[in-house]
Amino acid sequence: MLYKNVWKTLSRKWMQLLAIAIIIVMSSLTYTMMFYGISGIEVPTEEYLEESNQEDFAIDMLNRVTEEELRDPAVATLAETGAFTLADIKQADVEVFNRLIASRIAAVEQEMPDATIELRDLKAITYTFDDTEHRGMIIKESDTINRSYLEAGDRPSANDEIALNKKYAEENGIDIGDTIDIGKPFTVSGFVLFPDYTLPLFDDNFFNLDPGSQTLLLMTDESFETFVGKESFRLSGVTDQAIKTDLELPFVVSVMETENIIRSGAIYSEISSGKAMALGLSLFIVSIAVIIVAILISNMLEAERGQIGLLKAIGYSRRQIASPYLVLILVFAFFMLIIGYFLGLYFANPLKELYLDFYLLPSITIAQSPLVFVTAVFAPLLFFALVAGAVIYKIMGESALALLSPRDNVSLNRLSRLVSRLLRRASSKTKFKYLYAVKSTGSFLIFFLGILFSTILIVFALMMNGAVDRMTVGGLNEAVYEYEAYTDGSPVLEEGQEPFLTYPFAFVEDKLITLKGLDFDNTLFPLRNEDGDALTLEPDGLVVSSSLALKLGLDVGQDIDVALDGDTLTYPIIGIADEFSGDFAYLPRATLSELLTDGSTDDLFNGIYATERPNESDYPTILSRQGLIDQSESINQYMNFMMNVLIGGASLIAFSILFVLTALTVEKNYYVISLLKVMGYQKREVRSMILNSYFIYALISALLSIPIALLTLRIIIVVFAEDYGLVLPLEFEWAYIVYTLGAVVLIFFMSTFISRRKIDQIPLQEVLKTYQE
C-alpha cells in the first residue's frame, strides 16, 4: 500500500522526474563516453610508443653553423661560398656535415652522459593532389629512437616505394599498391606512424591539422637524400636520468621534455586531462541531480507530513515509511544511470574516431570494463542513496505529534536577511517577490551553480569563435598574394612578384624568432594591427607578431634586444601585427639585407609573394595561400562542432535545472498562489511575484559568471603559452555579454513556460478548501 501511494505521488511529478532524468543520464553518459573513448587510444598508444622507443626529450638546434664551428677551416670555407645552414653544408659536403652533427651530439652527451642522442632528419614538401595543394613531412628512418611503426603493409624497400598515414589514405581514397605523385611517382607500400609526431605539426602553425591534406611520409634513405624539400634537423634523446633542460651550448635553442612538446606530448595531456575532466564533469552533473532530487523528496515529504505523522501514530516504523521513497528513487536513478552508461558506450567510438581525426595513433576496439560500469552507475547511485537517505531520515526522525502539527515558520536564512536589507525601502510586493526565491538556500545555490556552469561554457564557446581561424590563417585572409615561394638563388623578379627576406635564426630574450624583411611599398602582404590599421615599417623600429608579443609580454613603445650573427641590436616596438601563425619580427628588407651582408647590399631576398604561380625551377618551395586557408577548414569545422556541443550541453543542463526548480516552486506554493488570487492579484502579477524573481537572479548570476569565465580562460591561455609555447587567441567582445544574457533569457522563459501555465490553472477555491480543512 505504501509503495502504491508513493508511486502515485511520483507519477504525478513525471515532468520534473524527466528533467532530473536528463541530468542523471548526462552524468553517466559523460563519464562513460570520455573514459571509453580515451581508453580506446590510450592502451594501444602506450604499447606503440614503448615499442617504437619514443624520445624522452628533443633538442631544437640552430640549423646554421655557430661562431665556434666556423673555426673549423672546412666549415669556414663552405660558409664563404654561402653555405652556412646545415642543409647547405650537407648538400655541399656530407663528410663535413656528419662531423658537425657528431660534434654536437658529443657536446650534448658530455652534459648528459646517461642519454642516448640521435639525429632527426626531416624534409617538408608541398605537392598537388587531385588539383588541391597538399603538404608532406618526409621523415628519415631512425636507428634506435623514434622508429617508424607500420599499421598495415610494409616499409619501403625500393626507391620508388613510400609509406604514408592511414588517415590521409582513407580521406583521399588511397590503398596499398596505389601510385601517388608527390613530385615523383611512388607506390604506396604501407601505412606508417611516427612516435614523435602524434600530432601532424610541420611548422609553427599549431592548428593546421587537416588529415586529408597533410601526411607524414617514409621512403628509403636513398630516395630521402635525393628528394628535393626544405630540410631541417633536430636531436632526439632518451635517458633514464633527469633531463637537463638548460643546456648552455651555442647551437641549442631549447631542450623540451616530450610531455611538453605539443606535436608529441599533447596526447599525454589529452589522455590525463580527458579522464580527469570526465570524472569532474560527471561528479558535478550528478551532484546537481542529487541536490535537485533531495529538494524534490524534501518537498514531497513536507507536503505529506500529516500522512506520515498519522502512519507513525498507528504504529508504522521509520524504516517502513521511508523504504518506498528511498527504494523508488534509487530504482529510478539506477535505470537512468544504466541508460546513460549504454548511451556513453555507444558514443565512445565516435569520440575515439574524433580524436583519431587529428592524432596519428593506433586504435583498438572498445571493450567494456566492470570498473567503468561500477564507477559510472554504482558510485553515483551510492551518492544518491546517502543524500536521499539523509533527507528522509531527518524528516522521518520527527515525532508523530510534531509531524501532525503545522510547521512553524522557518526563520530567515543569511541570504534572505541580506536581500531583505537591500530591499528595506522597497514595496511589500517587491519584497515578497525577491525574498521568496531565496527562501531555500539549497535551492538557490543549485540554481546559481547551474547558471554559473552554463554561462562559463557559453562564454568559452563564443570566445572560441574565430580563434582557430586567427591561428591558422591569420593575416592570409587580408593578403593579396596567391603564392609564397622560396629560392636559394637570385632569379629575376617578374610582374606581380614582391620579394621578402627571412632570417629564422634571431633571438629575443633567448627565444628563437624569424626576422622578416618586407619592402616599404609592399602591397601583397600588408601588415595590420588588431584594429585593422595599416602598419608602416621603419629602419629603426620593429613590428612584431601578436603571438610573439603575447608570449614575451611585449607592447608598443617597448625596447627589445635582438641577437643575430653574434651582434645584439636594440629596437623599439612600433607596432604589433595581427599575426598568430609564428613568432615574427618585421623590418624593411633593405635594412635586414644590410645587417646580414655587413652593408654590402640592400637588395638580398630569399622569397617572393606572387599573384601567379612562379617557375618551380627558380623557386623549389612554393606555398599556395588558398591551399593554407583550405587546410584550416578541417580544424575549423571541428572547433565549430565543439562550440555547438558546449552551448547545447550548457543549455540542456540550465534548462533542466530551471524547469525543475520553478516547477517545484509552484507546487510548494500552491496555497500561496491561490491566496494571492483571492487577494485580487491578476494572473500576470502572480506569475511575476512567484517566478520572475528567478529571472532577475538568473541575469545577475550570468553577469557574475562572465568575469569568472574570463579568469578561468586566462589561466588556460597562460598554461598553454608556458607549457607548450602555444598562444590561444581567444577574444572577448562586449557583444558576447548580450549574446550570453540573451541565451539565459531564452532558456529561462522556455524552462518556466509550463510552470507559468500551472500558476494560471490553480483555482481561487484552493485557499478556502485549506481553511475548511
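Draft legend 1. Local environment of the packing of aromatic side chains. Taken as a whole and judged by the stated rule, the model has 18 aromatic pairs. Plain terms: the ring middles of Y486 and F500 are 5.5 Å apart, the flat faces sit at 80° to each other, and that makes the pair edge-to-face. Within this pair, whereas Y486 is found in strand β11 (residues 483–486), its partner F500 is found in strand β12 (residues 497–508), the two being separated by 14 residues in sequence. You can call F500 buried: its relative accessible area is 0%. Their ring planes at 40° and their centres at 6.3 Å tell us that Y736 and Y739 sit as a pair that is tilted.

Draft legend 2. View of the environment of L518. On the secondary structure map, L518 appears in strand β13 (residues 511–518). Note: C-alpha distance between L518 and R589 (71 residues apart in sequence) is 4.6 Å. Contact partners of L518, with chain neighbours within four places excluded, come to F500, F525, L527, L537, Y586, L587, P588, R589 and Y609.

Draft legend 3. Layout of the confidence of the model for the protein chain. In this model, the protein chain carries a mean pLDDT of 78, and residues with pLDDT of at least 70 account for 73%. The weakest mean pLDDT in the protein chain belongs to helix α25 (residues 765–772) at 51; the strongest belongs to strand β5 (residues 161–164) at 94.

Draft legend 4. Fine view of a nonpolar patch on the surface. Together, I339, L343, Y346 and F347 line one region of the surface with nonpolar side chains, adding up to about 380 Å² of accessible area. Secondary-structure assignment places Y346 in helix α10 (residues 318–356).

Draft legend 5. Expanded view of the nonpolar core. Counting residues in hydrophobic clusters, the biggest one holds 31 residues, and the most contacted among them are M137, I139, L199, L216, Y359 and L361. Looking at this core, the elements that each hand over two or more residues are α2 (14–51), β3 (132–139), β7 (185–193), β8 (214–218), α8 (262–303) and α10. Sort the elements by how many residues they give to this core and α2 lands first, with 5 residues. If you look at the next biggest cluster of nonpolar residues, it comprises 29 residues, including I24, L330, M336 and V377.

Draft legend 6. Region of the structure containing the pattern of salt bridges. With the rule as written, the count across this model stands at 15 salt bridges. A salt bridge links R155 to E141, with the nearest nitrogen and oxygen atoms 3.3 Å apart. In this pair, R155 is assigned in the loop between β4 (149–153) and β5 and E141 in the loop between β3 and β4, connecting sequence segments 14 residues apart. Two residues, E171 and K167, come together in a salt bridge whose shortest N-O distance is 3.9 Å. Separated by 4 residues within a single helix, E171 and K167 lie in helix α6 (residues 166–172), roughly one turn from each other. On the basis of relative accessible area, E171 is assigned to the partly exposed category, the value being 46%.

Draft legend 7. Spotlight on the packing of helix α3 (residues 73–80) against helix α5 (residues 94–111). Close contact between α3 and α5 brings their axes to 10 Å; oriented N to C, the two are set at 120°. As the angle between them shows, α3 and α5 are arranged oblique. Every pair of crossing elements has a handedness; the one defined by α3 and α5 is left-handed. Counted together, A74, V75 and L78 of α3 and V96, R99 and L100 of α5 form the full contact between these two elements. Looking at the contact of α3 with α5 residue by residue, the classes come out as 5 nonpolar, no polar and 1 charged.

Thresholds applied
- Residues numbered from 1 in each chain as written.
- Predicted model: local features only at pLDDT ≥ 70, side-chain atom pairs only at ≥ 80, totals over all residues.
- Heavy atoms only, no water.
- Phe/Tyr/Trp six-rings, centres within 6.5 Å; stacked < 30°, edge-to-face > 60°.
- Helix = DSSP H or I, 4+ residues; strand = E, 2+ residues; numbered from the N terminus.
- Buried < 20%, exposed > 50% of the residue type's maximum accessible area, 1.4 Å probe, protein only.
- Contact = heavy atoms within 4.5 Å.
- pLDDT = per-residue confidence, 0-100.
- Patch = residues over 30% accessible without salt bridge, like charges linked within 9 Å, V, L, I, M, F, W, Y side chains within 5 Å.
- Areas by Shrake-Rupley, 256 points an atom, 1.4 Å probe, with all protein chains shown as cover.
- Salt bridge = Lys/Arg side-chain N within 4 Å of Asp/Glu carboxyl O.
- Core = buried A, V, L, I, M, F, W, Y, C linked by side-chain atoms within 4.5 Å.
- Axes fitted to C-alpha atoms, helices over the stretch in contact; angles between N-to-C directions.
- Parallel < 35°, antiparallel > 145°, perpendicular 65-115°, else oblique.
- Left-handed = near helix turned anticlockwise from the far one by under 90°.
- Nonpolar A, V, L, I, M, F, W, Y, C, P; charged D, E, K, R; others polar.

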